[in-house]
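If you want the building blocks of each chain, they are given just below.
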Amino acid sequence: MGFNCGIVGLPNVGKSTLFNALTATAQAQAANYPFCTIEPNVGRVAVPDPRLGVIAGLAKSVKVTPTQLEFVDIAGLVRGASKGEGLGNQFLGHIRGVDAIVHVLRCFAEGDVTHVEGSVDPLRDADIVETELMLADMESLERRIENVAKRARVGDKEAKDILAAMEPALVALQAGKPVRLLASEVRLTATFRQLQLITDKPVLYVTNVDEADAATGNRWSEAVAERARREGAASVIISAAIEAEVAQLSEPAERSAYLEHLGLHEAGLDRVIRAGYALLDLATFFTAGPKEARAYTVPHGALAPQAAGTIHSDFERGFIRAETIGYADYVACGGEQGAREAGRARAEGRDYAVRDGDIFLFRFNV
């Protein structure tokens, strides 16, 4: 089961630099001109989770494998993308395929990096991209709604349900609002999700500042943070230039010393990864033993058989039970054996909803 975040924004705001730092590769060509990234680059990154190291230490695991999150570097959007400007149709198609949007906004005034709009204004830039995504959603709905309405008028129940989902979405878009701001009782229905609207995807704003503002941000990043608060979205401050430097340091001690020198407690990329993980409403569970301690990802609310299926389809198909220890109990009791002796291990069945931090041993038979 994979979860991915698409990195979007105007050209030359730092998307590809951020992606390169995230994946510690040069997969995405970073250059000072628009459309340097034509095809979406995909990279998988480890999700920082200190619990995994603790579990591995208690289980005396030889191998430690973190869970991962996928990031997709999508080429820059420009005005008119929804009408095909600047290869817009390709870009919008790539955005439709991701689970969440990481919207990079330029919040630095460095003069030798060309800004496609001629000046630095992250709120304007956010509106440009948001408008193009809303126009794309409007076009998608308007193209389909007449046929759906005809079927609904002759009593087609499925068409009536679809129309009931399409109409409030179209009203919101025509009023200049992304559909993610609609009430949850409208958006969370299965029918609404089937509309696959771009502006229904959760958004994380990443404000790219210069090195001097990396620790505190600036007036531009604060304006973006306020926008995020109003929308119920999230925002993270990074300096893509710093992150690119950190990504080149192979030793953890070197990274820590470099960040400390800059007055930073952790890499901005770690905050981006964790925020993306939270944005997707994911939970982490673990397996642990002498050979390996490993983290896995499931949506919040996933049931135990689904979690088992992320390890192997046979585990889900032949699921019997999940022998479960909560993370706090695992640590307090000094590992699996201590937790079992203290009566803190539980046998959970098919209806058990996974809790973040659960440590599982799945029993199955196929």
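Everything below is about the structure printed above this text.
Residues numbered from 1 in each chain as written. Predicted model: local features only at pLDDT ≥ 70, side-chain atom pairs only at ≥ 80, totals over all residues. Heavy atoms only, no water.

Draft legend 1. Spatial organisation of the pairing of strand β8 (residues 282-288). Most of β8 sits out of view: 6 of its 7 residues are buried. Two strands pair when backbone bridges link them, and β8 and strand β9 (residues 292-299) are joined in this way by 7 bridges, in the antiparallel orientation. The residue of β9 that forms the bridge with Thr287 is Arg294. Counting the residues in the hairpin turn of β8 and β9 gives 3 residues. (Buried < 20%, exposed > 50% of the residue type's maximum accessible area, 1.4 Å probe, protein only. Helix = DSSP H or I, 4+ residues; strand = E, 2+ residues; numbered from the N terminus. Pairing = 2+ DSSP bridges.)

Draft legend 2. Expanded view of the environment of Phe285. When you line up the elements, Phe285 lands in strand β8. Along the backbone, Phe285 and Gly357 are 72 residues apart, and their C-alpha atoms lie at a distance of 5.1 Å.

Draft legend 3. Layout of the layout of surface pockets. Approximately 600 Å³ is the volume found for the largest pocket. Taken together, 18 residues line the largest pocket, and the ones lying closest to its centre are Asp99, Arg193, Asp200, Lys201 and Pro202. Here the residues of the lining of the largest pocket sort into 9 nonpolar, 2 polar and 7 charged. (1 Å grid on protein atoms, 1.4 Å probe; cavity = no way out; pocket = protein on both sides within 12 Å on 5 of 7 lines; lining within 4 Å. Points joined across faces, edges and corners; volume = space filled by probe spheres on them. Nonpolar A, V, L, I, M, F, W, Y, C, P; charged D, E, K, R; others polar.)

Draft legend 4. The packing of aromatic side chains, seen in detail. Taken as a whole and assessed by the stated rule, the structure comprises 7 aromatic pairs. Note on Phe285 and Phe362: the rings are 6.1 Å apart at their centroids and 90° apart in plane angle, and the pair reads as edge-to-face. Here Phe285, found in strand β8, pairs with Phe362, found in strand β12 (residues 359-364); they are 77 residues apart in sequence, far enough to count as distant. You'll find Phe285 and Phe362 in the same group, each marked buried. Taking NZ or CZ as reference, Arg51 lies 6.0 Å from the ring centre of Tyr327, over its face. (Phe/Tyr/Trp six-rings, centres within 6.5 Å; stacked < 30°, edge-to-face > 60°. Lys NZ or Arg CZ within 6 Å of the ring centre and 35° of its normal.)

Draft legend 5. Summary view of empty space enclosed by the protein. Scanning the model with the defined rule gives 2 cavities of 30 Å³ or more in all. Contributing to the lining of the largest cavity are Val8, Ile101, His103, Val129, Glu130, Leu133, Arg180, Ile198, Thr199, Lys201, Val203 and Tyr205. For the lining of the largest cavity, the secondary-structure elements that each account for two or more residues are β5 (100-106), α4 (122-153) and β6 (203-208). By residue number, the principal contributor to the lining of the largest cavity is α4, which donates 3 residues. Broken down by class, the residue content of the lining of the largest cavity amounts to 7 nonpolar, 2 polar and 3 charged.

Draft legend 6. Spatial organisation of the sheet that holds β6. The strand order across the open sheet built from 6 strands is β2-β4-β1-β5-β6-β7, with neighbouring strands paired in mixed fashion. One side of each edge strand has no neighbouring strand; the edge strands of this open sheet are β2 (41-46) and β7 (234-238). Across the sheet, the mean angle from the axis of one strand to that of its neighbour is 25°, orientation sign disregarded. Note that strand β1 (residues 4-8) and β5 share 4 bridges and pair parallel. Note that in β5 the partner of Val8 across the bridge is His103. Most of the contacts of α4 go to β5, to which it runs at about 145°, and overall it touches β5 and β6. (Axes fitted to C-alpha atoms, helices over the stretch in contact; angles between N-to-C directions. Contact = heavy atoms within 4.5 Å.)

Draft legend 7. Local environment of the pairing of β2. Burial along β2 is one-sided: Asn41, Gly43 and Val45 are buried, while Val42, Arg44 and Ala46, pointing the other way, are not. Relative to strand β4 (residues 68-73), β2 is paired through 6 bridges, and the arrangement is antiparallel. Its bridge partner being in β4, Val42 is matched across the sheet by Val72.

Draft legend 8. View of unusual backbone geometry. Even without glycine at this site, Gln196 takes up a positive phi of about 50°. Locating Gln196 in the fold gives a position in the loop between α7 (190-193) and β6. On the basis of relative accessibility, which here comes to 60%, the residue Gln196 falls in the exposed class. Even without being a glycine, Asp281 presents a positive backbone phi close to 55°. Tracing the sequence through the fold places Asp281 in the loop between α11 (268-279) and β8. By relative accessible area, Asp281 is classed as partly exposed at 45%.

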